[in-house]
Amino acid sequence: MKNPIYTTLLLICFGLLLSPASKGQKKIAELTLIYDYSVFIGNVKSDDIGAASHTVYIKGSKSRSEMSNALFSSTTIFDANTGFAVVLKEVSGQKLLIRLNPQNWSEKNQMYEGIVFKTTGETKDIAGYRCVKATGQTKSGMLISVYYTRDIIPENRQYDPAFRTLDGLPLEYELTNGNVRIQYRVSRINLNPVPASKFDLPSSGYREMNYEESKTMNVGG
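Since this is a predicted model, take the numbers as computed values, not measurements.

> In this structure, what is going on with the environment of Asp151? I would like to understand it.
Along the chain, Asp151 turns up in the loop between β11 (143-149) and β12 (152-154). Sequence separation of Asp151 and Lys27 is 124 residues, and the distance between their C-alpha atoms is 8.3 Å.

The structure is reproduced here in structure tokens:
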């Protein structure tokens, strides 16, 4: 039987920093977001994943998303201008480099198509930023609850398929899929330039395959 936590993390994985910025909406071309996250089965927090983090790097049209915990690690590098992506992951001790074309990327993230976020009257301060709460739901029924700030707006709105229609930057959010809940909260925000090397691909040590091949191995993107 598959671990429900592992399955849900793979499902939502395609998957925040600094001192507060001056108030007023500010469009940002480069930033780094580091989130800590926890998994709950029902109302019980799971210890299976150990220390878990989700780091996002944005530099112009390029983004890099890293998911890391005790069960697995996965990195996705995406270029919003070209629509191409690469996923780096380790499966059963084997390092895989999976290439996705724009059609593959759309298929991989189709669960997030059509999400409409509705704001509520709830607000709170997170990392020094005023955040408003919004809720949405995917076609498959996964619920998304998010606190986001309008003080920082990434110029690249494609860096996270789940939030590309959100009018701001998510600093705390919760994904609920059945009885599994995953809670994310930003721990750091860094507005310094992101090194271009973050988007370099490894030249060796990985078995390379395309998206269709990865699906036959049941590792997906």
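Following the structure, the description resumes.
> Explanation requested: the pattern of salt bridges in the structure shown.
Opposite charge on two side chains permits them to pair, given that their charged atoms come into close proximity. Applying the stated rule across the entire model yields 12 salt bridges. Arg181 serves as the salt-bridge partner of Glu174, at 3.2 Å between the closest nitrogen and oxygen. Under the relative-accessibility criterion, Glu174 is labelled partly exposed at 22%. Exposure remark for Arg181: the relative accessible area of 17% places this residue in the buried category.

> I keep staring at the packing of aromatic side chains and nothing clicks. Help me out?
The relation between two aromatic rings is expressed through the spacing of the ring centres and the mutual angle of the planes. Throughout the structure, instances matching the rule amount to 7 aromatic pairs. When the ring of Tyr173 is compared with that of Tyr184, the centres are 4.4 Å apart and the planes differ by 15°; the resulting orientation is stacked. Separated by 11 residues along the polypeptide, Tyr173 in strand β13 (residues 169-177) and Tyr184 in strand β14 (residues 180-190) bring together distant segments of the chain. A relative accessible area of 3% places Tyr184 in the buried class. Put simply, the rings of Tyr35, Tyr37, Phe117, Phe163, Tyr173 and Tyr184 touch in pairs and so form one group of aromatic residues. For the cation-ring pair, Lys124 lies above Tyr147, with the distance from its terminal atom to the ring centre recorded as 4.5 Å. For the cation-ring pair, Arg181 lies above Phe40, with the distance from its terminal atom to the ring centre recorded as 4.7 Å.

Calculation notes
- Residues numbered from 1 in each chain as written.
- Predicted model: local features only at pLDDT ≥ 70, side-chain atom pairs only at ≥ 80, totals over all residues.
- Heavy atoms only, no water.
- Helix = DSSP H or I, 4+ residues; strand = E, 2+ residues; numbered from the N terminus.
- Salt bridge = Lys/Arg side-chain N within 4 Å of Asp/Glu carboxyl O.
- Buried < 20%, exposed > 50% of the residue type's maximum accessible area, 1.4 Å probe, protein only.
- Phe/Tyr/Trp six-rings, centres within 6.5 Å; stacked < 30°, edge-to-face > 60°.
- Lys NZ or Arg CZ within 6 Å of the ring centre and 35° of its normal.

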